[in-house]
Amino acid sequence: MAQKIVAGLFGFGVVGEGLYKLIRQSGYPNVELKTIVVQDKEKKRLLPPERFNYNKDEILNDSEIELVFELISDAEEAFMIVKAALLSGKNVVTANKKMVATHLAELIELQQKTGKVLLYEAAVAGAIPVVQTVDRYLAWQNVKSIRGIFNGTSNYILTALHNGLNYQEALREAQLKGYAEADPTLDVGGYDAKFKSIILALHGFGKLYKPEEVFHAGIQCIDSHEIVWAESHNYTLKLVGNIYSTDNGVSISVLPEFVTTEDKLSKVNGVLNGVTVETSNSGSYFLEGEGAGSGPTGQAVLGDVAPVQTNSSYLYNKGVEESKPVNAVWNIYLKTDVEALLEQITFDQIFEESKYEGQHRIIGRISVSELEKLSESERKHVFIGKLPDNFLQSNKEYQANAKKDPILT
Ligand code: HSE
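Residues numbered from 1 in each chain as written. Predicted model: local features only at pLDDT ≥ 70, side-chain atom pairs only at ≥ 80, totals over all residues. Heavy atoms only, no water.

**Q** Break down the nonpolar core for me, citing the residues and quoting the values.
**A** In this structure, F69, Y120, I146, W229, F258, V301 and Y333 are the most contacted members of the largest nonpolar core, which totals 108 residues. Counting residues in each nonpolar core, the second largest holds 18 residues, with A217, F347, I366 and V382 among its members. (Core = buried A, V, L, I, M, F, W, Y, C linked by side-chain atoms within 4.5 Å. Buried < 20%, exposed > 50% of the residue type's maximum accessible area, 1.4 Å probe, protein only.)

Written as structure tokens, this is what we have:
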């Protein structure tokens, strides 16, 4: 049994509270949560005010505290805390995906400099232990692709839409259940899933990407037309993070996908996350689990305590190479009610084009570099959904069966 560890906790929101309850309820014998530091003195919390401190130094300058749980939502503030904690000789466990994805290079340097352990399993796919799986168990394996549903809130909304429910209502429920970010644009805009994909790209492929250089699109513009069209073609809409090797480099992106029924991701519903990791030597792994929420994410934080106690850092065995995503070409379903935006982009090929109810829809083949010509704010007015590579073939079969377009008929 590992020795008792004295810990300090920053943040007592959804995840912090989840962690606290688990430590108390499970009687996890090896963690003493000595100090909890929060920012807002007025906020009503589960514990009485005297249990909280408001000064970071109460943890950072306490030499008895060996482990810091960093569970606040502000990414830059979180980075300052993590940096200070590592530099003052403490190990750190964090759940802050934006902070990790944005500062990966500096965080690796800090670990090398201080010899301390920094772990962040809870930052990616909630309770699914995918970072350790890819970093450690696949350390000596070539990873060909990692493809997953990494945002519980979006998946909760998309599942609700397929069940005939309303987008705003589903988002509200996801917020009430503690799945959504403080700013839910991070969820539905694809940002959160992008941060998680960037973290996995480093552990799985040794590639370091800047968030602003990775293409992402969100689910904000999806309406019942896309759901009806998807279902009539036997697809399910999912927000998918996709990282895969090509002959020219690694492709990384996050966008809605029309997922086929054979794909395991099509059955990952509600707040669940799922990830398929394809390897060279041992085929595919599929992991599924709770992707968000107090308990599952708190458990993922707690799961990092044992490796901290045995001083087990991530291996980063695939290296750390600053990279740019390759320019992939995809089959895309694009829809917008802002015609002028279509003048900015050129499709390699257009398979179908139609107008209905003030919307312009194009199904065709286009490169990521063209889609990137639409700024982030312009992309809020465009639905961009990735279709399978064999779309044309399967669509021929669809048309041969004399089915009509459900939107246009
Ligand atoms: N907002 C995130 C999600 C929380 O919905 O997946 C877990 O990272």
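**Q** Before we move on, could you go through the domain arrangement of the protein chain and cite the residues and values that matter?
**A** On domain assignment, one finds that the protein chain holds domain 1 (5-125), domain 2 (130-290 + 316-322) and domain 3 (329-401). Computed from C-alpha atoms alone, the centre-to-centre distance between domain 1 and domain 2 is 26 Å. Opposite the 16 residues of domain 1 that make contact, domain 2 presents 21 residues. A buried area of about 1600 Å², summed over both sides, lies between domain 1 and domain 2, and 71% of it is on carbon and sulfur atoms. Scanning the region where domain 1 abuts domain 2 turns up two salt bridges. The salt bridge involving K97 is made with D192; its shortest N-O contact spans 3.0 Å. It is helix 4 (residues 97-114) that provides the largest number of residues to the side of domain 1 that touches domain 2, a total of nine residues. Split into classes, the residues belonging to the side of domain 1 that touches domain 2 amount to eleven nonpolar, two polar and three charged. (Domains from an automatic or database assignment. Contact = heavy atoms within 4.5 Å. Buried area = accessible area lost by both parts, 1.4 Å probe. Salt bridge = Lys/Arg side-chain N within 4 Å of Asp/Glu carboxyl O. Helix = DSSP H or I, 4+ residues; strand = E, 2+ residues; numbered from the N terminus. Nonpolar A, V, L, I, M, F, W, Y, C, P; charged D, E, K, R; others polar.)

**Q** For the packing of aromatic side chains, give the residues involved together with the corresponding values.
**A** On inspection of all chains with the given rule, the structure shows 15 aromatic pairs. Seen in terms of ring centroids, W229 and Y333 are 4.9 Å apart; in terms of plane orientation they differ by 65°. Their pairing is edge-to-face. In this pair, W229 sits in helix 10 (residues 224-232) while Y333 sits in strand 15 (residues 329-336), placing the two residues 104 residues apart along the sequence. The pair W229 / Y333 is uniform in exposure class, with both members buried. (Phe/Tyr/Trp six-rings, centres within 6.5 Å; stacked < 30°, edge-to-face > 60°.)

**Q** Before we move on, could you go through helix 7 (residues 167-176) and cite the residues and values that matter?
**A** Turn by turn, an α-helix covers 3.6 residues, leaving residues three or four places apart pointing in a common direction. Of all the positions in helix 7, only Y167, A170, L171 and A174 are classed as buried. The arc that holds every buried residue of helix 7, seen down its axis, measures 100°, which confines them to one face. The N-cap of helix 7, judged by a side-chain oxygen 2.9 Å from the amide nitrogen of Q168 a few residues on, is N166. (Arc of directions from axis to C-beta. Polar contact = N/O pair within 3.5 Å; in protein donor to acceptor, adjacent residues only side chain to side chain.)

**Q** Which residues make up the sheet that holds strand 4 (residues 67-70), and what values do they have?
**A** Ordered in space as 3-2-1-4-5-6, the six strands form an open sheet in which the pairing is parallel. Here the strands that pair on one side only, and so sit at the sheet edges, are strand 3 (52-53) and strand 6 (118-119). Pairing of strand 1 (residues 5-10) with strand 4 involves four bridges; the strand directions are parallel. Note on strand 4: the bridge partner recorded for F10 is E70. (Pairing = 2+ DSSP bridges.)

**Q** Please give an account of the pattern of salt bridges that cites residues and values.
**A** Applying the stated criterion to the full structure yields 19 salt bridges. One continuous salt-bridge network, built from bridges that share partners, spans K97, E181, D192 and K196.

**Q** Quick one: what's the story with the site of the ligand, residue by residue and with numbers?
**A** Neighbouring the ligand are 13 residues; K97, T153, Y179, E181 and D187 lie closest to it. Between the ligand and the protein, one listed contact pairs an oxygen atom with a side-chain N or O atom of K97 at 2.6 Å. T153 places a polar side-chain atom, nitrogen or oxygen, 2.7 Å from an oxygen atom of the ligand. Put simply, the parts of the chain that give the shell around the ligand at least two residues each are helix 6 (152-162) and helix 9 (191-205). In the shell around the ligand, the residues fall into four nonpolar, four polar and five charged. (Near = heavy atom within 4 Å.)

**Q** Explain the pairing of strand 7 (residues 143-149) to me, using residue names and the numbers behind them.
**A** With respect to burial, strand 7 is a largely interior element, six of its seven residues being buried. The pairing of strand 7 with strand 12 (residues 272-279) spans six bridges and is classified as antiparallel. Along strand 12, the bridge assignment pairs I146 with V277. Sheet topology places strand 7 next to strand 10 (residues 235-246); four bridges connect them, and they run antiparallel. If you follow G148 over to strand 10, its bridge partner there is G241.

**Q** Quick rundown of helix 9? Include the residues and the values.
**A** Between its first and last C-alpha, helix 9 extends 20 Å over 15 residues, near the 21 Å set by a 1.5 Å rise per residue. Counted residue by residue, helix 9 has 15 buried out of 15 residues, so it is predominantly covered. (Expected span 1.5 Å × (residues − 1).)

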